[in-house]
Amino acid sequence: MSEVEADVEEPQSVGKKGKYRRPKPWDHDGIDHWKIEEFTPDHSSGPFLEESSFVTLFPQYREKYLRQVWSTVTRALDAHGISCELNLIEGSMTVKTTRRTFDPFAILKAKDLIKLLARSVPAEQATKIMMDDVASDIIKIGNTTRNKERFVKRRQRLIGPNGSTLKAIELLTDCYVLVQGNTVSAVGTHKGLKQVRKIVEDCMNNVHPVYNIKILMIKRELSRDDQLKSENWDRFLPKFKRKNQKQKKTARKEKKPYTPFPPLPPESKVDRQLESGEYFLSERGKSKRSVQEKKESAAEKSARKRQERTKDYIPAPAEKRLKKEYVPRDIEDLKKSVRKNVKENVGHSSSSKATNGYTTPKNKAKKASKNAT
């Protein structure tokens, strides 16, 4: 065999499946197929033939904020060759393509941008939508429950005390989330937006966000482990069972016996007057009767109040009173006690006189002036 024949490789036998497969020099193991390449002006073939535009209305309370940040929005859109217009008379925002627009998808991103601004998303977060790896999602939650109180309670559950639950969702999904009215606006990566939508929908279907947050935390820790990266994680994830809470039993109304006849209509005012005889009285008689009824009702009220006032002063019944038995005293003992009391009183009066006899300097001066005279 010559050297030329040795260099030529023999064609391998290819089956039916690999018959039309050819080697692809541009495809190799080092390529990341999920990477989103940046779209540059070199990729564009030239200016667009037609102009595309989108208009979005905004509420009146957003007018002041939009006027402040519109210069920032204009700069962000101008980098992609898109013009924007703020109409305060109609209350609308408009985005249009220009001759400088090179990315055909940029106008759709600009449409999402003005939609987020109209839904109270800050301009710093809304302008991130113009990046290639960032997207947005507006989740409608208004039609999930009919009961308004239940809807408000579940929406508040999504926010959490002092916004702690919402902050945890943002940290785990790498998305900005805003709960506003009947919608939830989210800005972030496609993977994070999918997780946010699942958490929001589960929360409005009466599944607490804490369960999904716990699962996301476990997945994040498992993804950092090199050994468990490529394994199935079902054995590590918690499985929560639904518990049917006992509802309060409402008292059932007893069924009345069936009667084919309808109930009697309620008595009218005229019927009541006919029964009492008031209908046949003259105007003077009616006035006298009303005055008499007022007097009777006033007398009843006064008697009732008098009874309430005298309630505290009513003496206790005779049975409850303490019965003190009379015990006769000896006359000699009585005399001794009287003499003793008399002696004590006399001694007390003499001591008080002695103390009262004390003369003050003023009294001494008065006495001296009298003696001098």
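Everything numeric in this text was worked out from a predicted model, so none of it was measured.

What follows deals with the overall build of the protein. Within the protein one finds 12 helices and six strands. Counting only residues that meet the buried cut, the protein has 21% of its 373 residues in that class. Across the protein, contacts joining residues at least 24 apart in sequence account for 55% of those joining residues at least 6 apart. Element-wise, carbon and sulfur atoms account for 53% of the exposed surface of the protein, whose accessible area totals about 31,900 Å².

Quick look at the pattern of salt bridges now. Applying the stated criterion to the full structure yields seven salt bridges. Note that Arg100 and Asp78 form a salt bridge whose closest N and O atoms lie 2.7 Å from each other. Taken together, the residues Arg100 in the loop between strand 3 (92–97) and helix 3 (106–118) and Asp78 in helix 2 (residues 63–78) connect sequence positions 22 residues apart. Looking at Arg100, the relative accessible area reads 51%, which means it is exposed. With a closest N to O distance of 2.9 Å, Asp137 and Arg197 form a salt bridge. Residue Asp137 is found in strand 4 (residues 135–140), and its partner Arg197 is found in helix 7 (residues 190–204); the two are separated by 60 residues along the sequence. Judged by relative accessible area, which is 17%, Asp137 ranks as buried.

Here we come to the sheet that holds strand 4. Read from one edge of the open sheet, three strands run 4-6-5, paired in antiparallel fashion. Edge strands, defined here as strands with exactly one partner in the open sheet, are strand 4 and strand 5 (176–180). Pairwise comparison of adjacent strand axes, ignoring direction, gives a mean angle of 15° for this sheet. Relative to strand 6 (residues 183–188), strand 4 runs antiparallel, the two being bridged by six bridges. Note that in strand 6 the partner of Ala135 across the bridge is Gly188. Of the strands in this sheet, strand 4, strand 5 and strand 6 are in contact with helix 7, which crosses strand 4 at around 10°.

We now examine the side chain of Thr97. Secondary-structure assignment places Thr97 in strand 3. A residue is classified by how much of its surface remains accessible, and Thr97, at 6% relative accessible area, is buried. At a separation of 3.0 Å, a polar atom in the side chain of Thr97 contacts the main-chain amide nitrogen of Ser52. Not counting residues up to four positions away in its chain, the partners in contact with Thr97 are Phe48, Glu50, Glu51, Ser52 and Ile107.

Okay, unusual backbone geometry next. For Ser120, which is not glycine, the phi dihedral falls at a positive 70°. Within the secondary structure, Ser120 sits in the loop between helix 3 and helix 4 (123–126). With relative accessibility at 14%, the residue Ser120 sits in the buried group. Notably, Asn162 is not glycine yet its phi reads approximately 55°, a positive angle. Locating Asn162 in the fold gives a position in the loop between helix 5 (148–159) and helix 6 (164–173). Look at Asn162 and you get exposed, because its relative accessible area is 86%.

Cut-off values and rules
Residues numbered from 1 in each chain as written. Predicted model: local features only at pLDDT ≥ 70, side-chain atom pairs only at ≥ 80, totals over all residues. Heavy atoms only, no water. Helix = DSSP H or I, 4+ residues; strand = E, 2+ residues; numbered from the N terminus. Buried < 20%, exposed > 50% of the residue type's maximum accessible area, 1.4 Å probe, protein only. Contact = heavy atoms within 4.5 Å. Areas by Shrake-Rupley, 256 points an atom, 1.4 Å probe, with all protein chains shown as cover. Salt bridge = Lys/Arg side-chain N within 4 Å of Asp/Glu carboxyl O. Pairing = 2+ DSSP bridges. Axes fitted to C-alpha atoms, helices over the stretch in contact; angles between N-to-C directions. Polar contact = N/O pair within 3.5 Å; in protein donor to acceptor, adjacent residues only side chain to side chain.

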